[in-house]
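So the chains spell out like this:
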Amino acid sequence: NLDTRQPRQLYEPEVVRSYALQLLTESGWKTVADVNDNYKRLRVHTFQPLRCKALRLVVRRTGGDSAARIFELRAYPR
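Conventions used here
Residues numbered from 1 in each chain as written. Predicted model: local features only at pLDDT ≥ 70, side-chain atom pairs only at ≥ 80, totals over all residues. Heavy atoms only, no water. Salt bridge = Lys/Arg side-chain N within 4 Å of Asp/Glu carboxyl O. Helix = DSSP H or I, 4+ residues; strand = E, 2+ residues; numbered from the N terminus. Buried < 20%, exposed > 50% of the residue type's maximum accessible area, 1.4 Å probe, protein only.

## Quick look at the pattern of salt bridges
Here's step 1: Here the structure, examined in full by the defined rule, presents five salt bridges.
Here's step 2: The partner of R17 in a salt bridge is D37, and the shortest N-O contact between them spans 3.5 Å. With R17 in strand β1 (residues 16-25) and D37 in the loop between β2 (28-35) and β3 (54-62), the pair connects residues that are 20 residues apart, well separated along the chain.
Here's step 3: With a relative accessible area of 15%, R17 lands in the buried category.
Here's step 4: Put simply, R69 and D65 hold a salt bridge, and the shortest N to O gap is 3.4 Å.
Here's step 5: By relative accessible area, which is 27% here, D65 ends up partly exposed.

Written out as structure tokens, the structure reads:
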């Protein structure tokens, strides 16, 4: 629903409202961002550099939609 300029409500149904951003390190999964009550479509997280094998986003809740759709995750070295 990216065709609307103004939000229809505070929590758009398709927006991921609660999530955790995790990195797979040598000692297991480490949470580097834990977000609740998100209402933005674009989020940027900055954290200390870590060596990792994988990155995952654990979606816990949407703004009301029955499914979460993540279009892109980006990770950049500092």
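There is more to say, and it comes next.
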